[in-house]
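# Results of the structural survey
Spelled out, the chains give:
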Amino acid sequence: MKPPKFSYLRPNDLAEALDLLAEYGEDAKIMSGGQSLIPLLNMRLSTPRYIIDIGRVKELHGIKEEEDAIVIGGMTRHVDVEKSELIKEKCPLLTEGIRWVGHTQIRSRGTIGGSIAHADPSAELPCILTALRGEIVVASKEDEFTLTPEEFFLSYLLTSLEPDQLIKGIRFPKLNKNSGYAFEEVARRHGDFALVEVAAVINLDKDGKVAEAQIALGGANAVPFVPLETEEFLIGKEPNETILKEAATLQLEDLDPEGDIHGSKEYRRYLTGVLLQRALHTAVKRAREGVVV
Amino acid sequence: MKETLVKVTINGKEVAKEIESRWLLSDFLRDNLGLTGTHVGCEHGVCGACTVLINGEPVRSCLMLAVQADGCQVETVESLARADGSFNHIQQAFANNHALQCGFCTPGFLMSLKSFMENNPTLPTDEEIREAISGNLCRCTGYSNIIKAVKEAYALNC
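Source: prediction; values computed, not measured. (Residues numbered from 1 in each chain as written. Chains lettered and ligands numbered in written order. Predicted model: local features only at pLDDT ≥ 70, side-chain atom pairs only at ≥ 80, totals over all residues. Heavy atoms only, no water.)

Residue and element names in this part refer to chain B. At their nearest, the axes of helix α3 (residues 106–119) and helix α5 (residues 144–156) sit 12 Å apart, and the two run at 45 degrees to each other. Comparing their axes, α5 and α3 come out oblique. The hand of the α3/α5 crossing is right-handed. Contacts from Phe-109, Leu-113, Phe-116 and Met-117 in α3 reach Ile-146, Val-150, Ala-153 and Tyr-154 in α5. (Axes fitted to C-alpha atoms, helices over the stretch in contact; angles between N-to-C directions. Helix = DSSP H or I, 4+ residues; strand = E, 2+ residues; numbered from the N terminus. Parallel < 35°, antiparallel > 145°, perpendicular 65-115°, else oblique. Left-handed = near helix turned anticlockwise from the far one by under 90°. Contact = heavy atoms within 4.5 Å.)

Put into structure tokens, the structure is as follows:
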């Protein structure tokens, strides 16, 4: 298996990359780390005329702190996020979840922007970004704007990114005080694609009741699923085990996972409920440990 | 199709070649430079047999274009043996513990472990060793002897 022929373009800065996209976007694929694109090329599932390698675009590298969020450049590698002390302190859900992305050999090349743009519904980063209510910063030659995960992820491997646009960065909101987080996943082998996964953030008020619940379920639907009724159900309640158990199974009927040799539809649904209960339990526990009265 | 100049340092030696941009790093190493120690298994990033080090970090060379390695330091399994041709500590531990049978996957294991041992200088737990080799598949020996070999490699490296 070898990639098909293509013309290789390697811009040195963002302006040049956006110029190339404006000119060739319709026939081009952006290559960041290549960890999803190169298999697609090798298997000839994708045969772009142009590959625009954004590896040298300096503006797309790096991790920056803003007042309420950590902004990660699209070309920043998984391993850099995994090892970032800033992210561990301000956005620990990301540190916990990113260890589930592929294996070491993948994380040393794969990028944050690449994972989001690939939009695999069982990938970890789209699920985490959705739970955190983060934003995707999109740039084109004309414009720069942000999209919510709901606006960005359309279906399996499909996003609202236009051919002349690229992901400049991703905004991951910081964890608030009195909040706890958890990431749970079951894969056949650590590093393989998730069967299902859950990311959750729970914020407690001064009486220990749920003030805010942010949940995303991955691998079950075509895009990361936000169980809104479950979140609303939790708000204002004392999060004891009975309540968390009830919350975890409230919306399993809304999930539509595809069954395959590794797990039937019913099994994946059931598993999501188990993982959600675990995630809620851990998030509440962590929120309590961090509560400042 | 236009060719692209690639300048890389491979096992300490500088190499500059004009190549077709679609060449995978794995094929560039094997077919263009004759470094056939890097094995190509699945060619889509699952088996880990083609693992090499790029600037000291483990990477699947079948998931990287050779042109992307421009300006990088590349280390392959050929760099492991000592100057006199004898095995290094990881290779010796693999030989001592029957950590390979057909040997196809071995170059990938060795390169993943080289990086892992450099980043984790003290003896890891079995669980950590399992995690470290989880990106490499072995289809004949099984993993128990590989884990034994890793522990011995730590002892030999003291």
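Quick look at a negative patch on the surface now. Residues Glu229(A), Glu232(A), Glu253(A) and Asp254(A) make up a contiguous surface patch of negative charge. With respect to the helices, strands and loops of the structure, Glu253(A) is situated in the loop between α11 (241–249) and α12 (265–290). (Patch = residues over 30% accessible without salt bridge, like charges linked within 9 Å, V, L, I, M, F, W, Y side chains within 5 Å. Areas by Shrake-Rupley, 256 points an atom, 1.4 Å probe, with all protein chains shown as cover. Salt bridge = Lys/Arg side-chain N within 4 Å of Asp/Glu carboxyl O. Lys, Arg positive; Asp, Glu negative; His and termini not counted. Charge placed at Lys NZ, Arg CZ, Asp CG, Glu CD.)

Turning next to a nonpolar patch on the surface. There is a patch of nonpolar side chains on the surface, built from Met1(A), Met43(A) and Leu45(A) and spanning about 290 Å² of accessible area. Secondary-structure assignment places Leu45(A) in the loop between α2 (37–42) and β3 (50–53).

What follows concerns the domain arrangement of chain B. All names here are of chain B. When its domains are assigned, chain B resolves into domain 1 (3–79) and domain 2 (89–156). Here the C-alpha centroids of domain 1 and domain 2 sit 22 Å apart. Of the residues lining the interface, 18 residues belong to domain 1; the matching set on domain 2 comes to 13 residues. Carbon and sulfur atoms make up 60% of the surface buried where domain 1 meets domain 2, a total of about 1,100 Å² over both sides. At the junction of domain 1 and domain 2, the tally comes to one salt bridge. (Domains from an automatic or database assignment. Buried area = accessible area lost by both parts, 1.4 Å probe.)

This next bit is on the interface of chain A and chain B. Residue-level contacts link 31 residues of chain A with 30 residues of chain B. At the boundary of chain A with chain B, total buried surface from both sides reaches about 2,700 Å², with 50% on carbon and sulfur atoms. The interface formed by chain A and chain B includes five salt bridges. Arg56(A) serves as the salt-bridge partner of Asp70(B), at 2.7 Å between the closest nitrogen and oxygen. Contributing elements (two or more residues each) for the side of chain A that touches chain B: β1 (7–9), α2 and α6 (104–107) of chain A. Across the side of chain A that touches chain B, the residue classes break down as 11 nonpolar, 11 polar and nine charged. (Nonpolar A, V, L, I, M, F, W, Y, C, P; charged D, E, K, R; others polar.)

It is worth spelling out the packing of aromatic side chains at this point. Given two aromatic rings, their pairing is described by the distance between the two centres and the angle made by the two planes. Evaluation of the coordinates by the stated rule reveals three aromatic pairs over all chains. An angle of 85 degrees between the planes, with centres 5.2 Å apart, marks the rings of Phe152(A) and Phe153(A) as edge-to-face. When its relative accessible area of 0% is taken as the criterion, Phe152(A) is described as buried. Here Phe109(B) and Tyr143(B) contribute two aromatic rings whose centre-to-centre distance is 6.4 Å and whose plane-to-plane angle is 45 degrees, an arrangement assigned as tilted. Of the two residues, Phe109(B) is situated in helix α3 and Tyr143(B) in the loop between α4 (126–132) and α5; the sequence distance between them amounts to 34 residues. According to the relative accessible area criterion, Phe109(B) is buried, its value standing at 0%. Residue Tyr143(B) is classed as partly exposed on the basis of its relative accessible area of 28%. We note Lys237(A) situated over the ring of Phe233(A); from NZ or CZ to the ring centre the distance is 4.1 Å. (Phe/Tyr/Trp six-rings, centres within 6.5 Å; stacked < 30°, edge-to-face > 60°. Buried < 20%, exposed > 50% of the residue type's maximum accessible area, 1.4 Å probe, protein only. Lys NZ or Arg CZ within 6 Å of the ring centre and 35° of its normal.)

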